[in-house]
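Residue-level structural notes
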Amino acid sequence: MNPFDISGFPARWFCGPAWSDQPWVGWLHIFSDLVIFAAYFAVPAVVMYFVRQRNDLRFPPIFYGFLAMIFLSCGTVHIIEAGIFWWPVYKLSAYAKFVTAAVSATGVFLLAKLLPAALDLKSGTAYAEAIAAKKQAEEMLRQEQFLLRTMMTHLPDLIYFKDRDSRFTHVSDSLATFLGAASPADIIGKDDTAFFPPEFAAEARGDEIRLMETGEPLIGKEEPEHSAAGNAVWLSSSKLPLRDDSGAVIGLFGLSRDITEQVRAREEIAQREEHFRQLFEASNDAVMMLDKKGFFDCNSAALRLFGVPTKAAFTRLHPAELSPELQRDGRTSRDLADSYIARAYREGSARFDWLHHKPSGGIFPCEVLLQKMNIDGRDVLQAVVRDITARVKAK
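Residues numbered from 1 in each chain as written. Predicted model: local features only at pLDDT ≥ 70, side-chain atom pairs only at ≥ 80, totals over all residues. Heavy atoms only, no water.

For the protein chain, the count of helices and strands is 12 helices and 10 strands. Excluding contacts between residues fewer than 6 apart, the proportion of contacts in the protein chain whose partners are at least 24 apart in sequence is 44%. (Helix = DSSP H or I, 4+ residues; strand = E, 2+ residues; numbered from the N terminus. Contact = heavy atoms within 4.5 Å.)

Given below as structure tokens:
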């Protein structure tokens, strides 16, 4: 019964020719058993280390003993199995496996008996954990409320929440100021009819009914309004449905942002564009706009100069179709035009004399000015063409 008696048992390396023919199999067994042994012995140590860090956790001594028995017995089996390749203590291995089997079977029995009670969360520790979780949830709620109050108090945007009847339930300080109320509390329970003209309030109510019925948000609607101070402003308003935990729409929330400066800037740009368009069309000189693909616009003077009936017809023409094959210096119009266009893109402008002809025939001398411009983020050229036939004849 001596567990260390190895009489009659050869070491595993000598249990057959396969071990010597394929030694890698044995070494794989040894390596794996050693790693498993190390892991089993490390588990109780790791658990004990982290449990000791928590002063609020208390486990009975049997917990630690049982934990150690399971993992240490399993680890012992594997270290013995690795050693048997040299030291054939098969009896010791059998005893270790028997102990491991007994401990494992006992563990299964205790787990089946204690797990339902453990899951019932009736212990003091469980209640303490539940209370801690509740406190954590309350703290998170307080933090979220703090963040919401901060946003509602300090953001310049007009923020509001409404119920299904479009009555305000929460509003930001900025909205209270905009509506001329002493505080947000003075707005709660009221709807738009208390602060805006009937036409505006009716339109807003219609938008909100559609939003709550369809669930489709309203994003970036631009609206002219007046603040309580009488200032005319433009607001960009976005409204989205407010849903409860079940997904049912219980109201809406919205944000309106003052975009007065952006609208004014947009109007100024539109005015400048209209002014440019008027000058463009009123010019007595032919003015064409072109990019690297060809013409994309021209004024009425260009149509008259080249005898083309419409802008659509003009923009279909290639620039080479408005010039003879050769210029006065003998170079081809295409090559010479490409060089002037490249100079204008590179230097910003190019001025030169040119021979043009009408699609219907007839060559005439011109003075051409190319200027680089940026329109909608792309570089283009404006070509101003002046007929200098009279000047040339006078010379």
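Continuing now.
Another aspect to go through is the pairing of strand β2 (residues 168-171). Where strand β1 (residues 158-163) and β2 come together, 3 bridges link them in antiparallel fashion. Following the sheet pairing, lysine 162 is matched in β2 by phenylalanine 168. Turn length for the β1-β2 hairpin, with the two strands adjacent in sequence and antiparallel, is 4 residues, and the turn residue serine 166 shows positive phi of about 65 degrees. (Pairing = 2+ DSSP bridges.)

A word on helix α11 (residues 333-347). Because each turn of an α-helix spans 3.6 residues, side chains separated by three or four positions in sequence point in the same direction. Compared with an ideal rise of 1.5 Å per residue, which puts 15 residues at 21 Å, α11 spans 21 Å between its outermost C-alpha atoms and is within 8% of the ideal. Within α11 the residues assigned to the buried category are Ser333, Leu336, Tyr340, Ala344 and Tyr345. In this fold, the buried residues of α11 make contact with β6 (286-291), β8 (349-357), β9 (363-375) and β10 (378-387). Where α11 ends, the next residue or the one after it, glycine 348, has phi of about 100 degrees, a positive value. (Expected span 1.5 Å × (residues − 1). Buried < 20%, exposed > 50% of the residue type's maximum accessible area, 1.4 Å probe, protein only.)

With that out of the way, let us pick up the sheet that holds β10. Within a sheet, adjacent strands bond to each other through the backbone by hydrogen bonds, running parallel or antiparallel. Taken in spatial order, the 5 strands of this open sheet run β7-β6-β10-β9-β8, and their pairing is antiparallel. On the outer flanks of this sheet lie β7 (294-298) and β8, each paired with one strand and no other. Direction aside, the axes of adjacent strands within the sheet are offset by 35 degrees on average. Bridge count between β6 and β10: 5 bridges; the pairing is antiparallel. Bridging from a neighbouring strand, valine 287 pairs with valine 384 of β10. In the packing of α11 onto the sheet, the strands contacted are β6, β8, β9 and β10, and the crossing angle to β8 comes to about 155 degrees. (Axes fitted to C-alpha atoms, helices over the stretch in contact; angles between N-to-C directions.)

This next bit is on the packing of aromatic side chains. Tallied over the full model, the rule gives 14 aromatic pairs. Between tyrosine 340 and tryptophan 354 the ring centres are 6.2 Å apart and the planes differ by 75 degrees, which places this aromatic pair in the edge-to-face class. Within this pair, whereas tyrosine 340 is found in helix α11, its partner tryptophan 354 is found in strand β8, the two being separated by 14 residues in sequence. Across the pair, exposure class does not vary: tyrosine 340 and tryptophan 354 are buried alike. One aromatic cluster is present, built from ring pairs that chain together Trp13, Trp27, Phe85 and Trp86. If you follow arginine 378 out to its NZ or CZ, it ends over the ring of phenylalanine 296, 4.8 Å from the centre. (Phe/Tyr/Trp six-rings, centres within 6.5 Å; stacked < 30°, edge-to-face > 60°. Lys NZ or Arg CZ within 6 Å of the ring centre and 35° of its normal.)

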